[in-house]
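# Structural description and commentary
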Amino acid sequence: MKNVQVQGNYKLSQLKFIFNGLIIGILAGIVVSLFRWSIQHMMTIMQILYTGIFKKPILMLLCLAINLSVGLIIGMLLRQQPDIKGSGIPQVEGQLRNELDYPWWSVLWRKFVGGILAIGSGLYLGREGPSIQLGSTLGQGLAHLTKQVGFDRQVLISSGAAAGLSAAFNAPIASTLFVLEEIYHNFSTNIWIVSLTSAITSDMVATYVFGLKPVLYMKSQPLPLRYFIWVVILGIALGLLGRFYQLIILRMGGWYHRISKLPWYYQGIIPLLLIIGLGAYFPNLLGGGNYIILQLTGAGYSTLVLCAFFLIRFAFSMISYGSGLPGGIFLPILCLGGLIGAIIGNIAIQYGFISQTYFSSFIIMGMAGYFAAISKAPFTAILLITEMVGTLTHLLGLATVCLIAYSVLDALNGKPVYYAMLQQLLKVKRQFHLGRTAQIVTPIFAGAYMDGKIVSQIPWPNGSLLTKILRDGIEIVPSGHTMLRWGDTLYINVSTNKQHEITADLTKLSSES
């Protein structure tokens, strides 16, 4: 009878998780779709202004005024809330590892506005990182409103991250795997069920807005096995260039601080002014890079032009992201990988080693291999590109190139780029005491308010996060349904900004009434 009751409670818990996933998926789908739509329309307007400079030089002054204003507005937002800086994926990883925390609403609206302004201006930044953080903050907000803490809160945050990426790329399976492979490094049942639910739901919302066509759909033929020596060559090149990418991107912030005289939150003004000239001469290179990827197959660019495009995209991607503006590297990485694939494919075709028919295969494999190397998430890379291009025919080539690129980067001591960024972020926060947290240990006394209540019933102070319960020498990972008892020892992360106040409130809740 007891086993039946336990099974019943487990099923109810699963249903609750799935329902939460549906809610988060709908919210993330709406917010991220509006985010995508706004970026697309702003970028279209900015392209018209940039390219119109040659016809009407007065537009140069208008572009300068707009981009300077954008830089000042984003700088103000960054100064108010530093956690909207950059991609957002390192922040989400840190939050799920209990290494940092931030207020959900404050980050949500500022990341939304700042991301639209930065990416919509045409900078070489991706929408996917901000979309992941937008989704995760929505999950955090739902946890806050429903008073879910501990493991339950983490599940909602991670499912929000999956929903955000899914709505950004229309890739629900890869988005779920990204959370498991890149963030958690395991396949917890509760996490993947809720993440998949939210990812599918948000994808439905985004598909309703943007249509069924895959984001990077292109006609292609899979590369025959007799040509796989070129897959090996491509994989080695992607691994080497992936490590070079990591070395530069992880140093850009430091170079900005040494060279620029501007406060860190206004450094985005530099790429915003530089983009005007690039937008005037190379309007097809603006943004995250999906436009140039789709253009590669039919444009017939020479190898020299493709190399020039790669160098421009590489350099200005670094300048854009290194400034700290809200925007990601996910899509720019795919664009660079596609260009590397196009260059090697062009060389093979030019010297008669393969047919022009297989040119698109090199672009597709280049995108997957470059992301697999830099992020060290090969399974995510394979599924992501498969969903984004809308075909399963390249799986063998994708798996091979990802394995080779990953192995080359691993041999060069490369680390997952988002984890490396998280370590840099935590170092800066410790240095400047930004959003720093401390752990306090609190016992529960008999007769205290907490005694006999489940975790979700406790009015936890803002800025506190229950991470562990020690009961009779056994560590327990808490969920909203965990019953607290006298004799339990609680391990709680609290914001150092309010540590004294929070500690006093928690002492009242855990001490004798």
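Above: the structure in question.
Quick caveat, the model's predicted, so the values are computed rather than measured.

This brings us to the overall build of the protein chain. Broken down by element type, the protein chain carries 18 helices and four strands. For the protein chain, whose C-alpha radius of gyration is 24 Å, the value lies close to the compact-globule estimate of 24 Å for 513 residues. Based on the C-alpha atoms only, the size of the protein chain along its principal axes is roughly 80 × 55 × 45 Å. Of the accessible surface of the protein chain, which amounts to about 21,500 Å², a share of 66% is contributed by carbon and sulfur atoms. A distance of 12 Å separates the average location of the 34 positive side-chain charges in the protein chain from that of its 18 negative side-chain charges.

The subject of this paragraph is the packing of aromatic side chains. In this structure the tally under the stated criterion is 17 aromatic pairs. Ring geometry for Trp104 against Trp105: centres 5.9 Å apart, planes inclined by 70°, an arrangement best described as edge-to-face. When the ring of Phe310 is compared with that of Phe314, the centres are 5.8 Å apart and the planes differ by 35°; the resulting orientation is tilted. Here the residue Phe310 and the residue Phe314 both occupy positions in helix H12 (residues 303–322), the gap between them amounting to four residues, near one helical turn. Classification of Phe310 by relative accessible area gives buried; the value is 11%. What links up through ring pairs into an aromatic cluster is the set Phe169, Phe178, Phe330, Phe371 and Tyr418. Seen from the ring of Tyr124, Arg313 lies directly overhead, with NZ or CZ sitting 4.1 Å from the centre. Over the face of the ring belonging to Tyr449 we find Lys453, whose NZ or CZ atom lies 4.3 Å from the ring centre.

One way to put it is that helix H6 (residues 150–169) packs onto helix H8 (residues 189–210) with a least axis distance of 7 Å and a crossing angle of 35°. You can see that H6 and H8 cross each other, and the crossing is right-handed. Packed against H6, whose contacting residues are Phe151, Val155, Ser158, Ser159, Ala162, Ala163, Ser166 and Ala167, the element H8 presents Asn190, Ile191, Val194, Ser195, Ser198, Ala199, Ser202, Asp203 and Ala206 at the interface.

Most of helix H3 (residues 89–96) sits out of view: eight of its eight residues are buried. Taken together, the buried positions of H3 are Ile89, Pro90, Gln91, Val92, Glu93, Gly94, Gln95 and Leu96. Of the residues one or two after H3, Asn98 is the one with positive phi, at around 60°.

What follows deals with the environment of Glu475. Looking at the element boundaries, Glu475 is found in strand S3 (residues 474–476). Taking C-alpha positions, Glu475 is 57 Å from Ala65, a pair spaced 410 residues apart along the chain. In contact with Glu475, other than residues within four places in its own chain, are Lys468, Ile469 and Leu470.

For the rest of this paragraph, the subject is the pattern of salt bridges. Where charged atoms of side chains with opposite charge meet at close range, the side chains can pair. Here the structure, examined in full by the defined rule, presents three salt bridges. For Asp101, the salt bridge goes to Arg153, with nearest N and O atoms at 3.2 Å. Residue Asp101 is located in the loop between H3 and helix H4 (104–120), and its partner Arg153 is located in helix H6; the two are separated by 52 residues in the primary sequence. Classification of Asp101 by relative accessible area gives partly exposed; the value is 24%. Overall, Arg153 belongs to the buried group, its relative accessible area being 10%. Notably, a salt bridge pairs Lys376 with Asp410, separated by 2.5 Å at the nearest N-O pair. Highlighted residues: Lys376 in the loop between helix H14 (359–375) and helix H15 (378–389) and Asp410 in helix H16 (residues 395–411), separated in sequence by 34 residues. Asp410 sits in the partly exposed class, given a relative accessible area of 39%.

Our focus in this paragraph is the pairing of strand S4 (residues 489–495). Burial runs high along S4: seven of the seven residues are buried. Side chains Thr489, Tyr491, Asn493 and Ser495 of S4 all project onto a buried face; the interleaved residues Leu490, Ile492 and Val494 project onto the opposite face, where all are buried too. Across six bridges, strand S2 (residues 464–471) lies against S4 in antiparallel orientation. Residue pairing in the sheet places Leu466 in a bridge with Ile492 of S4.

Turning to the packing of H3 against H6, a few remarks are in order. Relative orientation of the contacting elements H3 and H6 amounts to 160°, with a least axis distance of 10 Å. Looking at the two axes, H3 sits roughly antiparallel to H6. Between H3 and H6 lies a crossing whose hand is left-handed. Residues Val92, Gln95 and Leu96 of H3 pack against Arg153, Gln154, Ile157, Ser158 and Ala161 of H6.

Conventions used here
Residues numbered from 1 in each chain as written. Predicted model: local features only at pLDDT ≥ 70, side-chain atom pairs only at ≥ 80, totals over all residues. Heavy atoms only, no water. Helix = DSSP H or I, 4+ residues; strand = E, 2+ residues; numbered from the N terminus. Rg over C-alpha atoms; globule rule 2.2 N^0.38 Å. Areas by Shrake-Rupley, 256 points an atom, 1.4 Å probe, with all protein chains shown as cover. Lys, Arg positive; Asp, Glu negative; His and termini not counted. Charge placed at Lys NZ, Arg CZ, Asp CG, Glu CD. Phe/Tyr/Trp six-rings, centres within 6.5 Å; stacked < 30°, edge-to-face > 60°. Buried < 20%, exposed > 50% of the residue type's maximum accessible area, 1.4 Å probe, protein only. Lys NZ or Arg CZ within 6 Å of the ring centre and 35° of its normal. Axes fitted to C-alpha atoms, helices over the stretch in contact; angles between N-to-C directions. Left-handed = near helix turned anticlockwise from the far one by under 90°. Contact = heavy atoms within 4.5 Å. Salt bridge = Lys/Arg side-chain N within 4 Å of Asp/Glu carboxyl O. Pairing = 2+ DSSP bridges. Parallel < 35°, antiparallel > 145°, perpendicular 65-115°, else oblique.

None of this, on its own, says anything about what the molecule does.
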